[in-house]
Amino acid sequence: QVQVVESGGGSVQAGGSLRLSCVASGPRFSARVMGWYRQGPGKERELVAVITDGPNMRYADSVKGRFTISRNSARITVYLQMNNLKPEDTAVYYCKATSEGWGHDYWGQGTQVTVSS
């Protein structure tokens, strides 16, 4: 059984920074892709950033230049460094880990990020 657990959310003022962490754990688990998604109030869940082997990173246009995604060498931990946060970044942030082989997706429970103006 694979578990995905996020941490690092909180409340900050606009212009501040937060660092989110996500650990995917399970027997012999290794993630082919790990990513961060978010869902703001009354909005659809959207991609924030993903990282794959290479590493190759992809970001939503709205966070480019402000957010940085990274992962550890064991490919089970992913981070999201968020700088210059804006009120529109307020959302629940979810981590997704996609397994090697079958490519199963595993989601975390989410962590709240609130940015006040």
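As the structure is a prediction and not an experimental result, all values here were calculated from the model.

Caption draft 1: Representation of the side chain of Thr77 within the structure. Secondary-structure assignment places Thr77 in strand 8 (residues 77-82). When near neighbours in sequence (up to four residues on either side) are disregarded, Thr77 contacts Cys22, Val23, Met34, Ser70, Arg71 and Asn72.

Caption draft 2: Representation of the sheet that holds strand 1 (residues 3-7) in the model. The strand order 1-3-8-7 describes an open sheet built from four strands, whose pairing is antiparallel. The open sheet terminates on both sides in strands that have one partner only, identified here as strand 1 and strand 7 (67-71). The average angle at which neighbouring strand axes cross in this sheet is 15°, direction not considered. Pairing of strand 1 with strand 3 (residues 18-25), which is carried by five bridges, proceeds in the antiparallel orientation. Considered in strand 3, the bridge of Val5 is made with Val23.

Caption draft 3: View of the side chain of Thr90. Considering the arrangement of structural elements, one finds Thr90 in the loop between strand 8 and strand 9 (91-99). A polar contact is formed between the side chain of Thr90 and the backbone nitrogen of Val115, at a distance of 2.9 Å. Discounting chain neighbours no more than four positions away, the residues touching Thr90 are Gly40, Pro41, Gln112, Val113, Thr114 and Val115.

Caption draft 4: Spatial organisation of the packing of aromatic side chains. One pass over the structure, following the stated rule, counts two aromatic pairs. The interplanar angle of 90° and the centroid separation of 5.8 Å between the aromatic rings of Phe29 and Tyr106 together place this pair among those described as edge-to-face. One end of the pair, Phe29, is in the loop between strand 3 and strand 4 (31-39); the other, Tyr106, is in strand 10 (residues 105-107), and 77 residues separate them in sequence. The exposure class assigned to Phe29 is buried, which follows from its relative accessible area of 12%. Taking NZ or CZ as reference, Arg19 lies 4.1 Å from the ring centre of Tyr79, over its face. The ring centre of Tyr94 lies 3.7 Å from the NZ or CZ of Arg45, which sits over that ring.

Caption draft 5: Quick peek at the nonpolar core. Residues Met34, Trp36, Leu80, Met82 and Tyr93 are the most contacted members of the largest nonpolar core, which totals 29 residues. Elements with a minimum of two residues in this core: strand 3, strand 4, strand 5 (46-52), strand 7, strand 8, strand 9 and strand 11 (111-116).

Caption draft 6: Highlighting the pattern of salt bridges. Applying the stated rule across the entire model yields five salt bridges. Note that Asp89 and Arg38 form a salt bridge whose closest N and O atoms lie 2.9 Å from each other. With Asp89 in the loop between strand 8 and strand 9 and Arg38 in strand 4, this pair connects stretches of sequence that are 51 residues apart. As a salt-bridge pair, Asp61 and Lys64 come within 3.1 Å of each other at their nearest N and O atoms.

Here is what the cut-offs are and how they apply
Residues numbered from 1 in each chain as written. Predicted model: local features only at pLDDT ≥ 70, side-chain atom pairs only at ≥ 80, totals over all residues. Heavy atoms only, no water. Helix = DSSP H or I, 4+ residues; strand = E, 2+ residues; numbered from the N terminus. Contact = heavy atoms within 4.5 Å. Pairing = 2+ DSSP bridges. Axes fitted to C-alpha atoms, helices over the stretch in contact; angles between N-to-C directions. Polar contact = N/O pair within 3.5 Å; in protein donor to acceptor, adjacent residues only side chain to side chain. Phe/Tyr/Trp six-rings, centres within 6.5 Å; stacked < 30°, edge-to-face > 60°. Buried < 20%, exposed > 50% of the residue type's maximum accessible area, 1.4 Å probe, protein only. Lys NZ or Arg CZ within 6 Å of the ring centre and 35° of its normal. Core = buried A, V, L, I, M, F, W, Y, C linked by side-chain atoms within 4.5 Å. Salt bridge = Lys/Arg side-chain N within 4 Å of Asp/Glu carboxyl O.

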